[in-house]
Amino acid sequence: MAETHNHLSPAEGIWSLRRLPDMDEAQFNQWQTLLEHRTGITLSSGRKSFLETNLGIRMREIGCSSYQAYYEKIVSGPDAVVEWSTLVDRLTVQETRFFRDPDAFRLVSDYVLTRPRETLKRRPLEAWSVGCSTGEEPYTLAMLLNECMEGLSLQPLFGVTGSDISKPAIDKGQSGLFSARKLMGMDDTMKARYFRPAERNNVEIVKSIRERVCFTRLNVLDLKHAPMHGMNIIFCQNLLIYFRRWRRREIVKRLAERLAPGGLLVLGQGELTDWQPPGLQRVPSEHVLAWIKRQTDEE
């Protein structure tokens, strides 16, 4: 807000700080429907203030004074596609960091270390981070896989794909540059090994890890068109919480189709309850929600 204020005349500055009128129920329903139709994301009535705040910030930036006018700009304005992309980025990008869920990453490590050595020698490991935001998760997976391969005295045959609906988030991930605070809580040895200092108190992922990670823009509603197949590890945490229960099940079914036999699917705790995805076997763990895809007869 202060940043916007610096570029405005005093009169405009007063306007930019004036509170927008509350969003009425019909307007909120209109935005709810648009978001769910285009992204699958559901906003409960309890998140109305979240929506008002994020719409308000963007509306001030572009000089739009009513929710209805902004809605029409998003739906049918000349720059509707670009503006929608900008808004989705604001509404979906989450604060994340490296090694955010240690239990889940330990499970991934155990999974890799117990694979048959001959399989790891013969075929590259393919991992996929779904809803990867600004890239911390796929890079964490790459570091982890590198550590595992080294621990097994094997060549680092692996690749990681990060996908997200937000193009700005993906662009940031591809840059490999992060603020130093994103490394908080990370092991010092890992920091020294995989990061280098960069300008403006940033750090940069080392080239050997960046080369193992690629990024692609993907809406999880379009998983049936996703080019990923035969993945050994699919990591999808803190994404399903935004969707209705039936939609979560659809997404998980699609992800399961993309797993190789014996592949591992990791979700966030509590994101999928009271349902057993077909063809998958639950991993016995108190702290991680994960499944293994059953092997086929010919495997």
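Refer to the structure presented above.
Please read all numbers here as calculations on a predicted model, not as lab measurements.

### Quick word on the packing of helix α3 (residues 25-39) against helix α6 (residues 80-92)
Okay, so step 1: Running from N to C, α3 and α6 cross one another at 95°; their axes reach a closest spacing of 13 Å. Taken together, the axes of α3 and α6 lie roughly perpendicular to each other. Side by side, α3 and α6 meet where W31, L34, L35, R38 and T39 of the first sit next to W84, L87, V88 and L91 of the second.
Okay, so step 2: Looking at the contact of α3 with α6, its residues break down into seven nonpolar, one polar and one charged.

### Some points on the nonpolar core
Side chains of nonpolar character tend, in soluble globular proteins, to be buried together.
Okay, so step 1: Formed by 44 residues in total, the largest nonpolar core has its most connected members in F98, Y139, M143 and F195.
Okay, so step 2: No other element matches the eight residues that helix α9 (residues 136-151) contributes to this core.
Okay, so step 3: The contact partners of Y139, leaving out residues within four places of it in the chain, are F98, G173, Q174, G176, F178, I205, I209, R210, V213 and F215.
Okay, so step 4: Judged by nonpolar contacts, the second largest core, of 27 residues, contains L223, M231, C236 and L272.

### A look at the packing of aromatic side chains
Okay, so step 1: Inspection of the entire model under this criterion finds eight aromatic pairs.
Okay, so step 2: Judged by centre distance (5.8 Å) and plane angle (25°), the rings of W31 and Y70 are stacked. You can see W31 sitting in helix α3 and its partner Y70 sitting in helix α5 (residues 67-76), a full 39 residues away along the chain.
Okay, so step 3: A residue is classified by how much of its surface remains accessible, and W31, at 0% relative accessible area, is buried.
Okay, so step 4: Every member of this aromatic cluster is reached through a ring pair, and the members are F98, Y139, F178, F195 and F215.
Okay, so step 5: Above the plane of the ring of W84 lies R38, whose end atom (NZ or CZ) is 4.6 Å from the centre.
Okay, so step 6: Above the face of the W291 ring, R282 is positioned so that its terminal group lies 5.8 Å from the ring centre.

### Observations regarding the side chain of E136
Okay, so step 1: Locating E136 in the fold gives a position in helix α9.
Okay, so step 2: A polar contact of 3.3 Å, which involves the side chain of E136, links it to the side chain of K182.
Okay, so step 3: Setting aside chain neighbours within four positions, we find E136 in contact with T96, R97, F98, F178 and K182.

### Section: the packing of α5 against α6
Okay, so step 1: Running from N to C, α5 and α6 point in directions that differ by 115°, and their axes come no closer than 6 Å. The residues of α6 that touch α5, namely those facing Y70, K73, I74, V75 and S76, are A80, E83, W84 and L87.
Okay, so step 2: Tallied by class, residues from the contact of α5 with α6 come to six nonpolar, one polar and two charged.

### Regarding the sheet that holds strand β7 (residues 231-236)
The strands that make up a sheet are held in pairs by hydrogen bonds between backbone atoms, and each pair lies either parallel or antiparallel.
Okay, so step 1: Pairing is mixed across the open sheet formed by seven strands, whose spatial order is β6-β2-β1-β7-β8-β10-β9. Every other strand in the sheet has two partners, leaving β6 (213-217) and β9 (280-282) as the edge strands with one partner each. Taking the axes of each pair of neighbouring strands and ignoring which way they run, one obtains an average angle of 20° across the sheet.
Okay, so step 2: Pairing geometry for strand β1 (residues 125-130) and β7, over three bridges, is parallel. Note that in β7 the partner of W128 across the bridge is I234.

### Examining the environment of V220
Okay, so step 1: Tracing the backbone through its elements, the reader meets V220 in the loop between β6 and β7.
Okay, so step 2: Residue V220 is classed as buried on the basis of its relative accessible area of 11%.
Okay, so step 3: Distance from V220 to K191, taken between C-alpha atoms, is 32 Å for residues 29 residues apart in sequence.
Okay, so step 4: If sequence neighbours within four positions are ignored, V220 has contacts with V130, L239, F243 and I251.

Reading the values: rules and limits
Residues numbered from 1 in each chain as written. Predicted model: local features only at pLDDT ≥ 70, side-chain atom pairs only at ≥ 80, totals over all residues. Heavy atoms only, no water. Axes fitted to C-alpha atoms, helices over the stretch in contact; angles between N-to-C directions. Helix = DSSP H or I, 4+ residues; strand = E, 2+ residues; numbered from the N terminus. Parallel < 35°, antiparallel > 145°, perpendicular 65-115°, else oblique. Contact = heavy atoms within 4.5 Å. Nonpolar A, V, L, I, M, F, W, Y, C, P; charged D, E, K, R; others polar. Core = buried A, V, L, I, M, F, W, Y, C linked by side-chain atoms within 4.5 Å. Buried < 20%, exposed > 50% of the residue type's maximum accessible area, 1.4 Å probe, protein only. Phe/Tyr/Trp six-rings, centres within 6.5 Å; stacked < 30°, edge-to-face > 60°. Lys NZ or Arg CZ within 6 Å of the ring centre and 35° of its normal. Polar contact = N/O pair within 3.5 Å; in protein donor to acceptor, adjacent residues only side chain to side chain. Pairing = 2+ DSSP bridges.

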